Amino acid sequence: MDLHLSGKVVLVTAASKGLGKATARQFAREGAKVVICARSEIIEKAAAEIETETGTPVLALRVDVTQPADIERVINATVEKFGGLDILVTNAGGPPPGTFDDTDLTAWENAVNLNLLSAVQLVKSALPYLRQSIAPAILTITSSSTKQPVKNLVLSNSIRLAVIGLTKTLSQELGSDQIRVNSILPGWTYTERVDELLNARTAKSGKTKAEEITSINAGVPLGRMGTPEEFANVAVFLCSPAASYVNGVMLQVDGGMNAGTF
Ligand code: NAP
């Protein structure tokens, strides 16, 4: 199937590794012009790697998505380099693990900035350009924790629900501009973030990492964690013109882990 992504301009934030990088790579494989950003210098390595593999130019910027001025800068650079913006994927690092008792007010404020306000600011800055696109789409990356809280992740469990509310509202309000807005709710997908979460779990439980993985896998009907590529394939389809009548969907990519009927 042709996803009709050739020549489309895509911004994927927080894309130096993990889900963001895999998504950017898949867009580039489909012929899109891709902009990626993250805070550290490995973003430039990620861009070079994707360019070499796909032959598609990739613009990399060092950006902290908690800083509104950085967000303005990445949107402006995207438009300057590629002449517009068709697809926005709002991603950010995950908030630190912890229970309610472990978590102070500063950590709550930081997590709101990182996971909610970054998405708000990105959409605000991108909207004038998305409104000029002939096939615009926004994808937020949230979590399966919005369906069922994950142990020791009070910040993620709480704040991502606000992003779901934002996504759903935008899908209603921006439909008249033909801007589709969806979210993917990843389940356990093996990335560095998951490795860090496993370290936190083993420190608390006294179990080995292998035992923690076995216990996570036991809760997934497919019996394993997903790969970033499996996530990226769905993300790219959802943002593509091939999914032109899909709007306001909160799509679980979790191997069937969430057993709820809705
Ligand atoms: P990851 O492997 O830790 O990658 C995180 C990416 O975000 C890195 O490129 C990092 O680069 C960038 N980043 C972090 N803070 C940033 C900031 N303030 N500004 C700009 N870039 C920033 O994480 P992941 O597993 O791909 O997860 C991506 C998102 O999905 C996270 O929010 C995570 O919590 C969520 N999620 C993941 C899973 C999973 O199983 N993997 C499941 C549910 C939800 P720099 O450090 O260089 O900035």
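How each quantity is defined
Residues numbered from 1 in each chain as written. Predicted model: local features only at pLDDT ≥ 70, side-chain atom pairs only at ≥ 80, totals over all residues. Heavy atoms only, no water. Helix = DSSP H or I, 4+ residues; strand = E, 2+ residues; numbered from the N terminus. Near = heavy atom within 4 Å. Polar contact = N/O pair within 3.5 Å; in protein donor to acceptor, adjacent residues only side chain to side chain. Areas by Shrake-Rupley, 256 points an atom, 1.4 Å probe, with all protein chains shown as cover. 1 Å grid on protein atoms, 1.4 Å probe; cavity = no way out; pocket = protein on both sides within 12 Å on 5 of 7 lines; lining within 4 Å. Sits in = over half its atoms within 2 Å of the grid points. Nonpolar A, V, L, I, M, F, W, Y, C, P; charged D, E, K, R; others polar. pLDDT = per-residue confidence, 0-100. Buried < 20%, exposed > 50% of the residue type's maximum accessible area, 1.4 Å probe, protein only. Pairing = 2+ DSSP bridges.

1. Details of unusual backbone geometry
Positive phi is not limited to glycine here, since His4 has a value of about 55°. Tracing the sequence through the fold places His4 in the segment before β1 (9–13). The phi dihedral of Ala14 is positive, around 50°, even though this residue is not glycine. As for its placement among the helices and strands, Ala14 is situated in the loop between β1 and α1 (18–29).

2. Some details on the site of the ligand
In the region of the ligand, 29 residues are neighbours, and Ser16, Leu19, Ala92, Arg160 and Thr191 sit closest. Side-chain polar atom of Asp64 to a nitrogen atom of the ligand: 2.9 Å apart, as the coordinates give it. Within the backbone of Ala92, an N or O atom sits 2.7 Å from an oxygen atom of the ligand. Protein chains bury 92% of the 880 Å² of accessible surface belonging to the ligand in isolation. Using a 2 Å cut-off from the grid points, one finds that the ligand occupies the largest pocket. Among the secondary structure elements, those contributing two or more residues to the shell around the ligand are α1 and α6 (192–205). It is α6 that provides the largest number of residues to the shell around the ligand, a total of three residues. A breakdown of the residues in the shell around the ligand according to their chemical character gives twelve nonpolar, eleven polar and six charged.

3. Let's talk about the confidence of the model for the chain
Close inspection of predicted coordinates is inappropriate for parts of the model with low pLDDT. Per-residue confidence for the chain averages 97 on the pLDDT scale, and 100% of its residues sit at or above 70. α6 is the least confidently modelled element of the chain, averaging 92 in pLDDT, while strand β4 (residues 87–90) averages 99, the highest of any element.

4. Section: the pairing of strand β5 (residues 137–141)
Among the five residues in β5, five count as buried, and that is most of the element. Side chains Ala137, Leu139 and Ile141 of β5 all project onto a buried face; the interleaved residues Ile138 and Thr140 project onto the opposite face, where all are buried too. Note: β4 against β5, four bridges, orientation parallel. Across the sheet, the residue bridging to Thr90 is Thr140, located in β5. For β5 and strand β6 (residues 180–186), the ladder comprises five bridges, and the chain directions are parallel. Its bridge partner being in β6, Ile141 is matched across the sheet by Ile184.

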